[in-house]
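The residues making up each chain are set out below.
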Amino acid sequence: MTPRPDDQARTELRDLVAQASNHRDNEHERIETEFWQEIDRLQKRYHGAQQDIADALDIKRNQILRQTKRYRTADQDPGAADD
């Protein structure tokens, strides 16, 4: 049987769990960003590609539009003003 933890061990454990949770959240956001930026590039391959992507992902075209706009970088945004 493992020993009962003291307050310091509990505090350290909570901190480590918080770090792991933050890392997971950050990686999830990074992966979502990469995914939707790739989808944004793919939808420009040919006319109708956005619908084909929507069918493949089993989502609506409107969701692709919203997500790709959300994760689009400034250099990918055709409506971005040139400086």
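Read on for an overview of the structure. (Residues numbered from 1 in each chain as written. Predicted model: local features only at pLDDT ≥ 70, side-chain atom pairs only at ≥ 80, totals over all residues. Heavy atoms only, no water.)

### Some details on a negative patch on the surface
Part 1 of the reasoning: Side chains of Asp-6, Asp-7, Glu-12 and Asp-15 sit close together on the surface and give a patch of like negative charge.
Part 2 of the reasoning: Take Asp-7: its relative accessible area is 60%, and that puts it in the exposed class. (Patch = residues over 30% accessible without salt bridge, like charges linked within 9 Å, V, L, I, M, F, W, Y side chains within 5 Å. Areas by Shrake-Rupley, 256 points an atom, 1.4 Å probe, with all protein chains shown as cover. Salt bridge = Lys/Arg side-chain N within 4 Å of Asp/Glu carboxyl O. Lys, Arg positive; Asp, Glu negative; His and termini not counted. Charge placed at Lys NZ, Arg CZ, Asp CG, Glu CD. Buried < 20%, exposed > 50% of the residue type's maximum accessible area, 1.4 Å probe, protein only.)

### A look at the packing of helix H1 (residues 7–42) against helix H3 (residues 61–71)
Part 1 of the reasoning: Running from amino to carboxyl end, H1 crosses H3 at an angle of 115°, the nearest separation of the two axes being 8 Å. Regarding H1 and H3, the two cross each other, and that crossing is left-handed. Contact residues: Glu-29, Glu-32, Thr-33, Trp-36, Gln-37, Ile-39 and Asp-40 in H1; Ile-64, Gln-67, Thr-68 and Tyr-71 in H3.
Part 2 of the reasoning: For the contact of H1 with H3, the class distribution of residues is four nonpolar, four polar and three charged. (Axes fitted to C-alpha atoms, helices over the stretch in contact; angles between N-to-C directions. Helix = DSSP H or I, 4+ residues; strand = E, 2+ residues; numbered from the N terminus. Left-handed = near helix turned anticlockwise from the far one by under 90°. Contact = heavy atoms within 4.5 Å. Nonpolar A, V, L, I, M, F, W, Y, C, P; charged D, E, K, R; others polar.)

### A short note on H3
Given 3.6 residues per helical turn, the α-helix brings residues three or four places apart onto the same face.
Part 1 of the reasoning: Along H3, the residues that are buried comprise Ile-64, Gln-67, Thr-68 and Tyr-71. The buried residues of H3 occupy one face: seen down the axis, they fall within an arc of 95°. Every exposed residue of H3 that faces more than 90 degrees away from the buried side is listed here: Lys-69 and Arg-70.
Part 2 of the reasoning: On the buried face of H3, the contacting elements are H1 and helix H2 (49–57). (Arc of directions from axis to C-beta.)

### Considering the nonpolar core
Part 1 of the reasoning: Core analysis: the largest hydrophobic core is formed by six residues, namely Trp-36, Ile-39, Ile-53, Ala-54, Ile-64 and Tyr-71.
Part 2 of the reasoning: Looking at this core, the elements with two or more residues in it are H1, H2 and H3.
Part 3 of the reasoning: Apart from the residues within four sequence positions on either side, Ile-39 is in contact with Ile-53, Leu-57, Ile-64 and Thr-68. (Core = buried A, V, L, I, M, F, W, Y, C linked by side-chain atoms within 4.5 Å.)

### Considering the pattern of salt bridges
Part 1 of the reasoning: As enumerated under the stated definition, the model contains six salt bridges in all.
Part 2 of the reasoning: When the shortest N-O distance is used, the salt bridge between Arg-24 and Asp-25 registers 3.9 Å.
Part 3 of the reasoning: Judged by relative accessible area, which is 57%, Arg-24 ranks as exposed.
Part 4 of the reasoning: Asp-25 sits in the partly exposed class, given a relative accessible area of 41%.
Part 5 of the reasoning: Between Glu-38 and Arg-41 there is a salt bridge; the shortest N-O distance is 2.9 Å.

### What to know about the packing of aromatic side chains
Part 1 of the reasoning: Taken as a whole and assessed by the stated rule, the structure comprises one aromatic pair.
Part 2 of the reasoning: Between Phe-35 and Trp-36, the aromatic rings sit 4.9 Å apart at their centres with planes inclined by 80°, giving edge-to-face as the arrangement.
Part 3 of the reasoning: Residue classification places Phe-35 among the partly exposed residues on the basis of a relative accessible area of 33%.
Part 4 of the reasoning: Assessed through its relative accessible area of 6%, Trp-36 is described here as buried. (Phe/Tyr/Trp six-rings, centres within 6.5 Å; stacked < 30°, edge-to-face > 60°.)

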